[in-house]
Amino acid sequence: MDQRARNLARIDAGFLLVAGVGMAAYGASYPASSAVIEGLVSQGHHPQMARLLAWAQGAWLGFTFGVVLIFLSAFLLRRFARLEMSDESGEIGISGLSPDEHILALNAGLKTIQQDLEALLSDDDTSDYLEISERMEALKEEHVGGLVAQKDRLVAQHGLLAYAQFISSVSAAERNLNRAWSTLVDGYPGEAKLALETASVALQNCELH
Amino acid sequence: MSSSERPYPELTPQAMILGALLGVLMTAAFVYVGLKLGFGLGGSTVAAILGFAVLKALGTGTIIENNVNQTIASAINVSSSGVVFTLPALLLMGETFSWGAMVLSAMAGSFLGVVFIIPLRKQMLEFDRLRFPSGMAVASILKSPGAGVEKLKLLAFGALLSAGMKILVDKVDAVPDALAVGDWFGIPAYTGTLLSLSLMNIGAGMLSGRGGLPFAFGGVLAWWILAPMAVSSGWTDPFTGSNGDEVWGQLYGQLLRPAGIGILIGGALAGVIAAFPAIRAAIKTLGSAAKTAAGGGAQELSGKALAIGLAGATLLLYLSSSLTVGPVMALPVAVVGVLWTALAGLIVAQATGMTDISPLSGMALIGVTLMLAITGGNAVVAVTVGVAVCVGVGQCADMMQDLKTGHLVGGIPRRQQLAQIFTGWIGPVVAVGTVYLLWTATGDGSPGFGPESTACLKKGSGDCLSAPQAGALQAMIDGVIGGNAPLDKYAAGGLIGLSLGALPIAGLGVLMGLAMYLPFEVTLGYGIGCLVGWRLESSRGGAFFGGKVVPFAAGLIVGEALTSLGITIIDLLGKGA
């Protein structure tokens, strides 16, 4: 199936979904007739159960059809998602970098920032902290953002559990990068250094197999 | 000691004391506001801004220390809504109950909420990357001193714009609170096609971006498709046919809102099932894998600590229930109460994470309905457990929002979690105590609030606390006891929510359910915000979004939140309250 045909099929599945949700929700909203409820209560049903049965008598057909359409659209959308994932070239995301390349770049960026911070600390010069904090933001934006953007594909390729373990380590590194930013802005470069080291350690645990 | 060796102030005594003081003050004040006006207020932004001023004056005031301050203040304050929406209903009904049991129940809820939601931090913040717009807004405030002049200007501009609009709407009455856009296009009034002029709502939508669009779609489906179909099918009362507001009231209260609650619950259940492997992985890593060599200890509370907390909180809820229904009946009541708090907490935390909107009252309603069913219509125990559910659910959303803020500023989750656990219990004591004091304030045996209070019977009295939310819960309890709970809508909605879980779109059921649960004027404004945020992020890139859209949208949220609080205080003082 080429891309155009797949897009059209996806739109069809979307319409099925909208129709299914609409039909099911319309059925869910159906107000049970009070006469039917009273009749069921007089037959010995509990008032709440009578209400449920009365609703089911009036709405079951449309409601069930709507739910079936939702499941059908789910089946189709999942199938297209799988086809798309398997067609995409290997591990490369939209940014052009694979997860391993993002991790390598993150590590390299962290090391450079650590070295520059070390140099500033030894000079006791705090004037360039702002420049370092801006680089931290940029590093996070490009590489953590790049990895998160590939979530669906990575889950499809490696499974939810593997992705969960991988992104957990990336997030720990991200949080420590945020910590380094805050502590640097607050004027505690020693704590920032420690946070950057923690971020590097977290990245060492990043494996996606 | 050189600047590079100084210890970094984080979980300091001054941050904890300031947070506790602000939390206690806000809890008492917000209980009063809730009884008077019927809505709750968030305290995180206020605490964060005051925190800077006070902590700086004390010689510290770091970003992460201030985050601890706002975490504690909101952990305490969050109980005010949970208590004020539920407990006063019993007083209005004239029921006799134990105030001690009520405090125990609210405290149990507070602990339960925190221990339930902590294991889901990784799932919600790291795997699903839920945005928690208010959490992002508070992080923007905390980071503002070092974020650069341009971001600060955008934050301030957004805040001023939003504050100005709020003043024009609420104080000057120069513009309406919502534009009747439906009238412009000839759309029937019963669809409630209004555009709320809440810039906070639009700002939250901007921060949610593409992820919030299914929410807007749900609103369109509910009000532009289902509502006209229901009316044309003759499902609304024909005697109210010409009055758009009355038809809207029927559609909303009797059809769409109950179905929306069901979809919310089913969608959340499906989400838990689908994400179970990731949740299991997250729980496995608690306390052990989160330990880092250079981090100096655990980053998360351990699973064992949480299990102990859970057991203790369950025991507390059992004790409070047994004071009302006896030890045997208290067991199922406590077990169902705990289970419902867990599920409802998850739903509210997810909804808040995706949209910044909390369906707290809907979850309390279901909790009370469940308890009424178990106890055969015992309103006292239903509300006693309802208090725990409401407080617990609020804690879930608040904890997760604070952890989002903490993630963005680099706080250590464990420290925030400990701060929340060790101070959250203060809120229930203050909130229940304030309700007690206000109820007995007259000293002559007549009620101090509610429609039958002396002040409210004197029409136009500025001291009247009408307790509107408790009145609504009282009416709902009467309806359930009379066999009129919309069980069919809950069940059908639940099935739709579960089936939506089969789609490869995370959180769709929760978003669709929430859209049906809310009036369209909220969904429409929010949807416009989502479209703007999505458009800017996709066309200008993530750096532009983070650097320009986030501070501006955060400003919109902060400006309206602070102005609402200011206007409320001015109004209450003006009425001589």
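Predicted, not measured: the structure shown is a model, and the values here were computed from it.

Novice: Can you walk me through the overall build of chain B in this structure?
Specialist: Scanning chain B from terminus to terminus reveals 26 helices and two strands. Taking 577 residues into account, the globule formula puts the C-alpha radius of gyration at 25 Å, and chain B, at 23 Å, falls close to it. Its C-alpha atoms give chain B principal-axis dimensions of about 80 × 60 × 55 Å. Going through the 577 residues of chain B one by one, you find that 60% of them count as buried. Restricting to contacts in chain B with at least 6 residues of sequence separation, those with at least 24 account for 81%. Surface accessibility of chain B: about 20,500 Å² in total, with carbon and sulfur atoms responsible for 67%. Of the side chains in chain B, 28 bear a positive and 27 a negative charge, and the two mean positions are spaced by 13 Å.

Novice: Explanation requested: the domain arrangement of chain A in the structure shown.
Specialist: Put simply, an interface is often sized by how much accessible area is lost when its parts join up. Domain parsing of chain A yields domain 1 (3-87) and domain 2 (99-204). Averaged C-alpha coordinates put domain 1 of chain A and domain 2 of chain A at centres separated by 46 Å.

Novice: I keep staring at the packing of aromatic side chains and nothing clicks. Help me out?
Specialist: Describing an aromatic ring pair means giving the distance of the ring centres and the angle of the ring planes. This model, assessed by the stated rule, comprises 13 aromatic pairs over all chains. Between B:Phe97 and B:Trp99 the ring centres are 5.0 Å apart and the planes differ by 45°, which places this aromatic pair in the tilted class. Assessed through its relative accessible area of 14%, B:Phe97 is described here as buried. Three or more aromatic residues joined by ring pairs make a cluster, and in this case those are A:Tyr26, A:Tyr30 and B:Trp235. Over the ring of A:Trp181 we find B:Lys143; its NZ or CZ atom is 4.7 Å from the centre of that ring. Its guanidinium or amino end placed over the ring of B:Phe544, B:Arg540 lies 4.3 Å from that ring's centre, counting from NZ or CZ.

Novice: When you look at the side chain of B:Gln395 in this model, what are you seeing that I'm missing?
Specialist: Residue and element names in this part refer to chain B. In this fold, Gln395 is placed in helix α18 (residues 379-409). Residue classification places Gln395 among the buried positions, given a relative accessible area of 0%. Other than its neighbours up to four places away in sequence, Gln395 contacts Ala75, Val78, Ser79, Ser110, Gly113, Val114, Gln420 and Gly424.

Novice: Looking at this structure, how should I read the side chain of B:Ser196?
Specialist: Residues and elements named next belong to chain B. Positionally, Ser196 belongs in strand β2 (residues 195-196). In this structure Ser196 comes out as buried when scored by relative accessible area, which is 11%. Beyond its immediate sequence surroundings of up to four residues, Ser196 is in contact with Asp177, Ala178 and Glu521.

Novice: So what exactly am I meant to see when it comes to helix α6 (residues 99-117) of chain B here?
Specialist: Note that an α-helix has 3.6 residues per turn; residues three or four places apart therefore point the same way. All names here are of chain B. Over its 19 residues, α6 extends 27 Å from the first C-alpha to the last, a length consistent with the 27 Å expected when each residue adds 1.5 Å. Of all 19 residues in α6, 14 are buried, a share of seventy percent or more. The N-cap of α6, judged by a side-chain oxygen 3.3 Å from the amide nitrogen of Gly100 a few residues on, is Ser98.

Novice: Would you explain a nonpolar patch on the surface in this entry?
Specialist: Residue and element names in this part refer to chain B. A contiguous nonpolar surface patch, about 350 Å² in accessible area, is contributed by Leu269, Ile273, Leu495 and Leu498. Of all the secondary structure elements, the ones that give two or more residues to the nonpolar patch are α13 (244-274) and α23 (487-500). The topology assignment puts Leu495 in helix α23.

Novice: Honestly, the confidence of the model for chain B in this entry has me stumped. Any pointers?
Specialist: Regions with low pLDDT should not have their predicted coordinates read in detail. Residues of chain B with pLDDT of at least 70 account for 94%, and the chain-wide mean is 87. In this model, residues 292-296 of chain B is a region of pLDDT below 50 whose contacts with residues beyond four sequence positions or in other chains number nine contacts.

Novice: Where do I start with the interface of chain B and chain A in this structure?
Specialist: Taken together, the contact pairs 72 residues of chain B with 57 residues of chain A. Carbon and sulfur atoms supply 65% of the area that chain B and chain A bury against each other, a total of about 5,500 Å² over both sides. The interface formed by chain B and chain A contains five salt bridges. No other element matches α23(B), which puts 10 residues into the side of chain B that touches chain A. Class assignment for the residues of the side of chain B that touches chain A results in 43 nonpolar, 17 polar and 12 charged.

Novice: I keep staring at the packing of α13(B) against helix α16 (residues 327-355) of chain B and nothing clicks. Help me out?
Specialist: The relative placement of two packed helices comes down to the angle between their axes together with the axis-to-axis distance. Residue and element names in this part refer to chain B. Put simply, α13 and α16 touch, their axes get as near as 10 Å, and they point 95° apart. Comparing their axes, α16 and α13 come out roughly perpendicular. Note on element contacts: α16 touches α13 through Trp340, Leu343, Leu346, Ile347 and Gln350, opposite Leu264, Ile265, Ala268, Leu269 and Val272.

Novice: Whenever I open this one, the nonpolar core confuses me. Can you help?
Specialist: Generally speaking, a soluble globular protein has its nonpolar side chains buried in company with each other. In terms of nonpolar packing, the biggest core is built from 168 residues, with A:Met136, B:Val83, B:Met124, B:Met363 and B:Phe449 touching the most fellow members. The leading source of residues in this core is α18(B), at 18 residues. Ignoring sequence-local partners within four residues, the contact set of B:Val83 consists of B:Pro88, B:Ala106, B:Val387, B:Val391, B:Ala431, B:Val432 and B:Val435. Of all hydrophobic cores here, the second largest spans 46 residues; its members include A:Phe63, A:Phe80, B:Val181 and B:Ile263.

Novice: Can you help me understand unusual backbone geometry in this one?
Specialist: Most peptide bonds take the trans form, and the phi angle of most residues other than glycine is negative. Phi angles above zero are rare outside glycine, and B:Asp173 is one such case at about 55°. Phi is positive for B:Asp356, which is not a glycine, with a value near 75°.

Novice: Sorry, what's going on with the pattern of salt bridges here?
Specialist: Close approach of charged atoms lets side chains of opposite charge pair. Tallied over the entire structure, the rule returns 18 salt bridges over all chains. A salt bridge links A:Arg135 to A:Glu131, with the nearest nitrogen and oxygen atoms 3.1 Å apart. Within this pair, A:Arg135 and its partner A:Glu131 are both found in helix α5 (residues 129-149), separated by four residues, close to a single helical turn. For B:Lys143, the salt bridge is made with A:Glu137, and the minimal N-O distance between the two is 3.4 Å. Note that B:Lys143 is positioned in helix α8 (residues 133-143) and A:Glu137 in helix α5, a pairing that runs across two chains. Linked by salt bridges that have partners in common, A:Arg179, A:Glu191, B:Glu10 and B:Arg415 make up one network.

Quick notes on the rules
Numbers given to residues run from 1 along each chain, matching the order in which its sequence is written. Going through the entries in the order they are written, you letter the chains from A and number the ligands from 1. Totals for whole chains, interfaces and linings use every residue, but because this is a predicted model, local features are given only for residues with pLDDT of at least 70 and side-chain atom pairs only at 80 or more, for both listing and counting. The side-chain numbers reported here are obtained from all heavy atoms of the structure, hydrogens and water having been left aside. Here a helix means four or more residues in a row that DSSP labels H or I, a strand means two or more in a row labelled E, and each is numbered from the N terminus. It is over C-alpha atoms that the radius of gyration is taken, and the globule rule equals 2.2 Å times the number of residues to the power 0.38. For each residue, the accessible area found with a 1.4 Å probe, counting protein chains only, is set against the maximum for its type, and the residue is called buried under 20%, exposed over 50%, and partly exposed in between. By the convention used here, residues are in contact when the closest approach between their heavy atoms is within 4.5 Å. Here the open area of atoms and residues is found with the Shrake-Rupley method and a 1.4 Å probe, where only the protein chains shown may cover a residue. In this count, Lys and Arg are taken as positive residues and Asp and Glu as negative ones, while His and the chain termini are left out. The atoms used to mark charge sites are NZ of Lys, CZ of Arg, CG of Asp and CD of Glu. How far each domain reaches was decided by an automatic or database domain assignment. Side-chain rings of Phe, Tyr and Trp, where Trp is taken by its six-membered ring, are said to pair if the distance between their centres is within 6.5 Å; with planes under 30 degrees apart they count as stacked, over 60 as edge-to-face, and otherwise as tilted. When the NZ atom of lysine or the CZ atom of arginine is within 6 Å of a ring's centre and also within 35 degrees of its normal, the charge is said to sit over that ring. Working rule for helices: expected span equals 1.5 Å times residues minus one. For this analysis, a polar contact is any N or O atom pair within 3.5 Å, provided that within protein one partner can donate a hydrogen and the other can accept it, and provided that sequence-adjacent residues contribute only side-chain to side-chain pairs. What goes into a patch is any residue over 30% in relative accessible area without a salt bridge, connected to like charges within 9 Å or, for nonpolar side chains (Val, Leu, Ile, Met, Phe, Trp, Tyr), within 5 Å. Only one rule defines a salt bridge in this text: a Lys or Arg side-chain nitrogen within 4 Å of an Asp or Glu carboxyl oxygen. What pLDDT reports is the predictor's confidence in each residue, on a scale of 0 through 100. By buried area we mean the combined loss of accessible area, with a 1.4 Å probe, across both parts when two parts are placed together. In this classification, Asp, Glu, Lys and Arg are treated as charged, Ala, Val, Leu, Ile, Met, Phe, Trp, Tyr, Cys and Pro as nonpolar, and every other residue, Gly included, as polar. Angles run from 0 to 180 degrees between N-to-C directions of axes, and those axes are lines fitted to C-alpha atoms, restricted for helices to the stretch in contact. Note on terminology: angles under 35 degrees are roughly parallel, angles over 145 are roughly antiparallel, angles of 65 to 115 are roughly perpendicular, and the others are oblique. Buried residues of nine kinds, namely Ala, Val, Leu, Ile, Met, Phe, Trp, Tyr and Cys, make up a nonpolar core once their side-chain atoms join them within 4.5 Å.

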